[in-house]
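So the chains spell out like this:
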Amino acid sequence: MFGRQAPRNSLFGSPSQLWKPKNPHSLEYLKYLYGVLCKNQTVTEQNSSLLVEALRSMSEILIWGDQNDDTVFDFFLEKSLLSFFLSYMKQKSGGYICVQLLQTLNILFENISKEASVYYLLSNNHVNSIISHRFDFSDEEVMAYYISFLKTLSLKLNRHTIHFFYNEHAREFPLYTEAVNFFNHSESMVRIAVRTITLNIFRVDDKALIRFVCDTTAVGYFPELAACIGKRSFELDSCVRNDAEHSNRGRLTDLLCEHVDHLHYISDIFRLGVEPLSDLLTDLLLQSLFNPIHVRSLLASAQEQYQLRLHQLRRRQQQRRVELAAANANSGGGGGSAGAAADASATATKTAAASATASPPISSNLALYLLTHVFLAVQHPPLVRQLLTAILPECSPDELDVECNNYDDDTDNEDDDLVDADEDRAAALNSDSTGPVDLNATDEQKLLRRQRRLCQRRQLDVLLEFLKPPPSAVATDSAALFCLLFVLAVRRNTGLAKPSALHSPCCARLLCSRVLRLLAYACCEPRAAPRIRPVTAELAAQLLADLVAGDCRTLTDGQWAMLEGAREDSALSLRECFRNEDLFLDQFEDEWRCLELAPVNVEQLMMDSSLLLAPAGTPLTGIEFDRRLPCGEAERVRRSIRMFLLLRRLCYGLRREQDPDLPLLSVSTIEGSNNAPIRLGDSLDLNNSDLIGCRVERSGSAGAAGVKPPAERRFLAVDASRHQAVLVEPDAKRLGWGVARFIGELQYAEAVADREDSRSLHVALHNPGGPTVPRGAVPRPPLLTAKFVFDDHIRCMAAKQRLIKGRQLVRTEKMAAIGRLLEFPDSVIDAISPGHSARKAVQRQRASASMSPSRLLSTSTSASTSNIRLPTAESVVGAADGPAAVVVQQPGTLSSSNKYSSSPSGLDLGEGGELDSSQSQ
């Protein structure tokens, strides 16, 4: 919409009749163009193209004169050429050249750099007259150039130029008053430009201007801004209620993005630090938007559910009392108590019905979701403090501790206790049994303190109600998800310098208890029909870690037991779906990488509009796996793996310990391994090494010149103990040594024999993923896809055997490691990996033997030289023709051995076949 397009008349009108001099950038040519304007002071259809060309050429001369010749602007000011522009606009036929006029002015103000030139253009008040002119805004091109012109002018505002735009005596500011008229324009680019214009105006340090803006904004612009945000909230609520099938997610996403843009715009206004404007905006947003719509909807809906449940329990108690009174009456007692109980039950029914008639403006889930966006986007202390106080009224630390300590978190499990607790809270208004005693307080102060504690207690109940597990089979975890996001946003808001109710240690213990219950429920719910999404559990773990914050004493012994029970339940659920298959191992490692390398981000998650809809249960919706319910057995297995890894990481993280068993069989965790992995560029001692030479022909796209790289030779080494397949190039400077040119993980190697050539082997080394792979992204292509051509079919078969058996051994060992994580007995682990116990014993013996001085390799330089010996294929892969040991040395060091192995020369894989050191680990 804002692209630089040629005017329509200059492209489709009559040909230009302007004289074209040899030097179009000169004062003389500007005088000639001035003469053309004087001769064509009336715009007609016939001369419109001539005038358009003249205006375009005039703008080029003015920009050139700003940098090269000051006399150009002297002439421009002397002849008052802006008056010609204004006279053309006011004519009935001026629409023919309005686009070119606005484009000329826009280009002119954008490119002029000297302050004196800007003052010349802004003098005589012609610019304000142009701003106030009534253009035909139904023309999109006129609208685009006009709003772009206003934005360009706003960029020129400062303490010195503001007086050209703002008339303090007449209290007129056309640039501001005309721009805000388009705040709610249908075109998004226009709305964004208006926000930029207003921010540029607000940041000008001029007291008279600020007073004018506050007076004008208080009755017009800010109320319209609040009304617009409120309207978008209602539209979001309507869209969520009417889109149960996820058919209108595009509209929902657009509304959400616009709402977030408004909040960031408000945050930008607060960041300017203009106190009168910030105070005005804070009061207006609280009184007109947040309190009457968001806070009321949040508290009213939750309180209505709470009161309805309380009424049902009271009615059940009243029914019991009626039956007991009737039994007493039949046995000779009075009947008055039965009538009184019936009257009380009828009164309670009427009260509940009356409270249910006052429906909130929007749903409570949406209100909590939108309030979370407010705390994420806005950090202005007065606003966020007052808003949080409206949700959770402030109490003194002593009062809050008393209330939280007296809070019975188990009342929701006992119906009678819930009724009694509510009655006790009502009786608290007439007693001094709780809270600190202040002998100097008046009766009125005591009553206010009790009312404040009761309000705090009730609204804390409302918030904790959201963290309950789904109460029925048809309920969802949306309320718990939004509550977790809200608490995380509040605790991370930097504007809340003063600790709020959610920062209290006692409140932290309450939240820990509810979060632990939610996690325990997620771990023990049926695998066939879970209702807690993985993202909800991951957020619950984040909040629990944030609440504990490294202090294990925050959790009680009972809460630690609950956490350990949840971890055991997750392990039990995963043991039920354990399969000794490659797919299970790939799923396990993929879920671990997602948790470690791409944890859920609250800000990014809040921009997903699908969270507002009912949780989807199929991948056909396009929603990521962790943000919907699992579909099919494979996804249910993924969820069980995710919950197990999440609870395990949480337990170790709260204790501030490192998990010794994850990642699976990394080189640092292999039992009996004292060596580092081979890295790209390491020097390898090839003495007594049974390597296999081959010619590698890479597959895939050609190089920059359109020619594939030539086939070269490399040595193939398989090291299952380090899970690596290495391609080595001989070192031309040192005999008996080579350099690692490519390293891939043996677990992800595939080898297929060529049907036509018995000496050829098709090898693919896949990419397992890494830190650069975002959550839900398409997997990266293989690291290497090549054809290995060996000298004969015997070497080809040996290479294939080593690759396949090495891959099988690594995967078998990793499956056994998963079995140990799930605490399977040794008999089951031996069934998964035959000979596992025997291999472990051999590895321990070798590890102890490798510590003997006689087994350490000597070096000819210093003790800092790191020599790495690869085990032979007989001990790792089990092949009879396995390679002998290979010593690996870091680049830049020397070794005492200088013999060269009898093998063919190496070959280069090129850029695409190399793996950097971070990926080779």
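What you see is a predicted model, and the numbers here were worked out from it, not measured in a lab. (Residues numbered from 1 in each chain as written. Predicted model: local features only at pLDDT ≥ 70, side-chain atom pairs only at ≥ 80, totals over all residues. Heavy atoms only, no water.)

Asks: What should I look at first to understand the overall build of the protein chain in this one?
Replies: The helix and strand inventory of the protein chain stands at 33 helices and ten strands. Sorting the 921 residues of the protein chain into buried and exposed places 50% on the buried side. Considering only residue pairs separated by 6 or more positions, the protein chain has 74% of its internal contacts joining residues 24 or more positions apart. (Helix = DSSP H or I, 4+ residues; strand = E, 2+ residues; numbered from the N terminus. Buried < 20%, exposed > 50% of the residue type's maximum accessible area, 1.4 Å probe, protein only. Contact = heavy atoms within 4.5 Å.)

Asks: Is there a simple way to think about unusual backbone geometry in this case?
Replies: Glycine aside, residues mostly have negative phi, and peptide bonds are mostly found in the trans state. With an omega of 5°, the peptide bond running from leucine 662 to proline 663 counts as cis. Counting through the fold element by element, proline 663 comes out in the loop between α28 (632–654) and β1 (683–685). Although it is not a glycine, asparagine 124 adopts a positive phi angle of roughly 65°. Mapped onto the secondary structure, asparagine 124 falls in the loop between α7 (115–122) and α8 (126–132).

Asks: In this structure, what is going on with the state of the cysteines? I would like to understand it.
Replies: Simply put, disulfide is the name for a covalent bond between the sulfur atoms of two cysteines. On inspection of all chains with the given rule, the structure shows zero disulfides. Its sulfur unpaired, cysteine 651 is 9.3 Å from the next cysteine sulfur, which belongs to cysteine 523. (Disulfide = S-S within 2.5 Å.)

Asks: When you look at the packing of aromatic side chains in this model, what are you seeing that I'm missing?
Replies: Using the criterion set out here, one finds 25 aromatic pairs in the structure. Pairing phenylalanine 137 with phenylalanine 182 gives two aromatic rings, centres 5.1 Å apart and planes at 75°, and the pair type is edge-to-face. In this pair, phenylalanine 137 sits in the loop between α8 and α9 (140–155) while phenylalanine 182 sits in the loop between α11 (174–179) and α12 (188–202), placing the two residues 45 residues apart along the sequence. Ring geometry for tyrosine 176 against tyrosine 221: centres 6.4 Å apart, planes inclined by 85°, an arrangement best described as edge-to-face. (Phe/Tyr/Trp six-rings, centres within 6.5 Å; stacked < 30°, edge-to-face > 60°.)

Asks: Would you mind going over the pattern of salt bridges with me for this structure?
Replies: A pair can form between side chains of opposite charge whenever their charged atoms are brought close. Evaluation of the coordinates by the stated rule reveals 37 salt bridges. For arginine 134, the salt bridge is made with glutamate 178, and the minimal N-O distance between the two is 3.2 Å. Of this pair, arginine 134 sits in the loop between α8 and α9 while glutamate 178 is found in helix α11, placing the two residues 44 residues apart along the sequence. The partner of aspartate 608 in a salt bridge is arginine 627, with the nearest N and O atoms 2.9 Å apart. A residue pair is termed long-range when its members are at least 10 positions apart, and aspartate 608 in the loop between α27 (602–606) and α28 and arginine 627 in the loop between α27 and α28 qualify at 19 residues. Here aspartate 608 matches arginine 627 in class, with each residue buried. Among the ionic contacts, a cluster of salt bridges with common partners joins Arg191, Arg232, Glu235, Arg251 and Glu258. (Salt bridge = Lys/Arg side-chain N within 4 Å of Asp/Glu carboxyl O.)

Asks: What exactly am I supposed to notice about the pairing of strand β3 (residues 712–719) here?
Replies: If a strand is regular, its side chains alternate between the two faces of the sheet. Burial analysis of β3 places seven of its eight residues in the buried class, which makes it a mostly covered element. With five bridges connecting them, strand β2 (residues 692–698) and β3 associate as antiparallel partners. Residue pairing across strands places isoleucine 692 opposite leucine 716, the latter belonging to β3. The pairing of β3 with strand β4 (residues 724–730) spans five bridges and is classified as antiparallel. When the bridges of β4 are listed, alanine 717 appears paired with valine 726. (Pairing = 2+ DSSP bridges.)

Asks: In this structure, what is going on with the confidence of the model for the protein chain? I would like to understand it.
Replies: When pLDDT is low, close inspection of the predicted coordinates is not appropriate. Within the protein chain, residue pLDDT values average 77, and 72% of them lie at 70 or more. For the protein chain, per-element mean pLDDT is lowest for helix α33 (residues 917–920), which scores 36, and highest for helix α17 (residues 364–377), which scores 95. Note on residues 333–338: pLDDT under 50 across the span, and six contacts to partners over four residues away in sequence or across chains. Long-range and interchain partners of residues 770–774, a stretch whose pLDDT sits below 50, account for five contacts in this model, where long-range means more than four residues apart. (pLDDT = per-residue confidence, 0-100.)

Asks: What is the right way to look at the environment of leucine 783 in this model?
Replies: On the secondary structure map, leucine 783 appears in the loop between β7 (760–765) and β8 (784–790). Overall, leucine 783 belongs to the buried group, its relative accessible area being 11%.

Asks: Please explain helix α29 (residues 793–821) as it appears in this structure.
Replies: A turn of α-helix holds 3.6 residues, and therefore any two residues three or four places apart point the same way. Taking 1.5 Å per residue as the helical rise, α29 with its 29 residues ought to reach 42 Å, and the 42 Å between its terminal C-alpha atoms agrees with that figure. Phi for glutamate 823, located one or two positions after α29, is positive at around 60°. (Expected span 1.5 Å × (residues − 1).)

Asks: Could you clarify how one ought to interpret the environment of arginine 811 in this entry?
Replies: Among the secondary structure elements, arginine 811 is positioned in helix α29. A residue is classified by how much of its surface remains accessible, and arginine 811, at 6% relative accessible area, is buried. Considering only alpha carbons, one finds arginine 811 and histidine 723, 88 residues apart in sequence, at a separation of 9.6 Å. Setting aside residues up to four positions removed in sequence, arginine 811 forms contacts with Asp582, Leu585, Asp586, Gln747 and Tyr748. Within the structure, the side chain of arginine 811 is placed 3.4 Å from the backbone oxygen of glutamine 747, a separation counted as a polar contact. (Polar contact = N/O pair within 3.5 Å; in protein donor to acceptor, adjacent residues only side chain to side chain.)

Asks: Which parts of the structure should I look at to understand the side chain of histidine 259?
Replies: Checked against the element boundaries, histidine 259 lands in helix α14 (residues 249–271). Once residues lying within four places of it in the same chain are set aside, the contact partners of histidine 259 are Ile229, Ser233 and Leu370.

Asks: Even after reading the chapter, I still don't get the packing of helix α22 (residues 478–491) against helix α24 (residues 534–548), so can you show me in this structure?
Replies: Helix-helix packing: each pair is described by the crossing angle between the helix axes and the interaxial distance. Between α22 and α24, the least distance of the axes is 9 Å, while the angle of their chain directions is 35°. For α22 against α24, the interelement crossing comes out left-handed. Contact with α22, carried on its side by Leu481, Leu484, Leu485, Val487, Leu488 and Arg491, involves Val535, Thr536, Leu539, Ala540, Gln542, Leu543, Asp546 and Leu547 of α24 and no other residues of that element. A breakdown of the residues in the contact of α22 with α24 according to their chemical character gives ten nonpolar, two polar and two charged. (Axes fitted to C-alpha atoms, helices over the stretch in contact; angles between N-to-C directions. Left-handed = near helix turned anticlockwise from the far one by under 90°. Nonpolar A, V, L, I, M, F, W, Y, C, P; charged D, E, K, R; others polar.)

Asks: Help me understand the side chain of arginine 191 in this model?
Replies: Inspection of the secondary structure assignment puts arginine 191 in helix α12. According to the relative accessible area criterion, arginine 191 is buried, its value standing at 12%. In terms of polar contacts, arginine 191 uses its side chain to reach the backbone carbonyl oxygen of histidine 185, at 2.6 Å. Residues in contact with arginine 191, not counting those within four places in the same chain, are Phe182, Phe183, Asn184, His185, Ser186 and Glu258.

Asks: Help me understand helix α6 (residues 98–111) in this model?
Replies: Here α6 spans 20 Å end to end across 14 residues, near enough to the 20 Å set by a 1.5 Å rise per residue. α6 sits mainly inside the fold: eleven of its 14 residues count as buried. Listing the buried residues of α6 in full gives Cys98, Val99, Gln100, Leu101, Leu102, Gln103, Thr104, Leu105, Asn106, Leu108 and Phe109.

Asks: Would you take a moment to explain the packing of helix α23 (residues 505–524) against α24 for this structure?
Replies: Where α23 meets α24, the closest approach of the two axes is 10 Å, and the angle between their N-to-C directions is 150°. With respect to α24, the element α23 is oriented roughly antiparallel. The interaxial crossing formed by α23 with α24 has left-handed handedness. From α23, Ala508, Leu511, Cys512, Val515, Leu516, Leu518 and Leu519 reach across to α24, where they touch Thr536, Ala537, Ala540, Leu543, Leu544 and Leu547. Within the contact of α23 with α24, the residues separate by chemical class into twelve nonpolar, one polar and no charged. (Parallel < 35°, antiparallel > 145°, perpendicular 65-115°, else oblique.)

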